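# Inside the fold
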Amino acid sequence: MEKVKKVINFSGTPTLETDRLILRRMKLTDAQSVFDHWLSDERVSDNKINAAHISVSQTIERIANIVSQYENKEFCYWGIELKANGELIGEIDLYDFDKLTENCEVGYALGYHWWNQGYGTEALRAVVEFGFRHMNIHKISAAHNTDNLA
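Here goes a summary of the coordinates provided.

## Observations concerning the overall build of the chain
Helices and strands together make up the secondary structure of the chain, namely four helices and six strands. Overall, the chain shows an N-to-C arrangement of helices and strands of β-β-α-α-α-β-β-β-α-β. Of all 150 residues assigned to the chain, the portion counted as buried reaches 41%. Long-range contacts, defined as pairs at least 24 residues apart, comprise 64% of the intrachain contacts of the chain with a sequence gap of at least 6. Of the roughly 9100 Å² of accessible surface on the chain, a fraction of 50% belongs to carbon and sulfur atoms.

## Regarding the environment of Trp-38
Among the secondary structure elements, Trp-38 is positioned in helix H1 (residues 31–39). Assessed through its relative accessible area of 1%, Trp-38 is described here as buried. Taking the C-alpha atoms as reference points, Trp-38 and Ala-52, 14 residues apart in sequence, are found 8.3 Å from one another. A polar contact is formed between the side chain of Trp-38 and the side chain of Glu-91, at a distance of 3.3 Å.

## Comments concerning the sheet that holds strand E3 (residues 76–82)
An order of E1-E2-E3-E4-E5-E6 is seen for the six strands of this open sheet, with the pairing classed as mixed. A strand with exactly one partner marks an edge of an open sheet, and here the two such strands are strand E1 (16–17) and strand E6 (139–141). Across the sheet, H1 is in contact with strand E4 (88–98) and strand E5 (103–110); its angle to E4 comes to roughly 90°.

## Digging into unusual backbone geometry
Even without being a glycine, Asn-116 presents a positive backbone phi close to 60°. Mapping Asn-116 onto the fold places it in the loop between E5 and helix H4 (119–133). Note on Asn-116: relative accessible area 73%, which makes it exposed. Although it is not a glycine, Asn-136 sits at a positive phi angle of roughly 65°. Note on placement: Asn-136 falls in the loop between H4 and E6. For Asn-136, a relative accessible area of 27% corresponds to the partly exposed category.

What counts, and at which threshold
Residues numbered from 1 in each chain as written. Predicted model: local features only at pLDDT ≥ 70, side-chain atom pairs only at ≥ 80, totals over all residues. Heavy atoms only, no water. Helix = DSSP H or I, 4+ residues; strand = E, 2+ residues; numbered from the N terminus. Buried < 20%, exposed > 50% of the residue type's maximum accessible area, 1.4 Å probe, protein only. Contact = heavy atoms within 4.5 Å. Areas by Shrake-Rupley, 256 points an atom, 1.4 Å probe, with all protein chains shown as cover. Polar contact = N/O pair within 3.5 Å; in protein donor to acceptor, adjacent residues only side chain to side chain. Pairing = 2+ DSSP bridges. Axes fitted to C-alpha atoms, helices over the stretch in contact; angles between N-to-C directions.

The following block contains the structure:
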């Protein structure tokens, strides 16, 4: 019996909702919140590859780069917003797609103030479900620092 080959169904970055969160495209107007809530915080950047931003201009440049890629259907990058008050608290993305194996990776960051409240798990669950059910992803993997127990 021959295995039927699935193809990744790229559909960009649609809005996803959970009980407490809205996962949505980033906007240039988000830059100050992104800087204030997580990119300037060394507690967050310690768990990421890049160092904390020291000026909001770095964050504006980064958000502009993200926004410019939303036209690409293979770009899946969400801001994590609280439904209760519209506050942007983090980011999550699917990346490094392997079209041969239909695998990809997921990464996310949350502002320190929102750690240990289940928001990362809730956002991750929504994005993983989207990847498997709507994009036909075969396997989604993630890496973390060994000292980041959460």
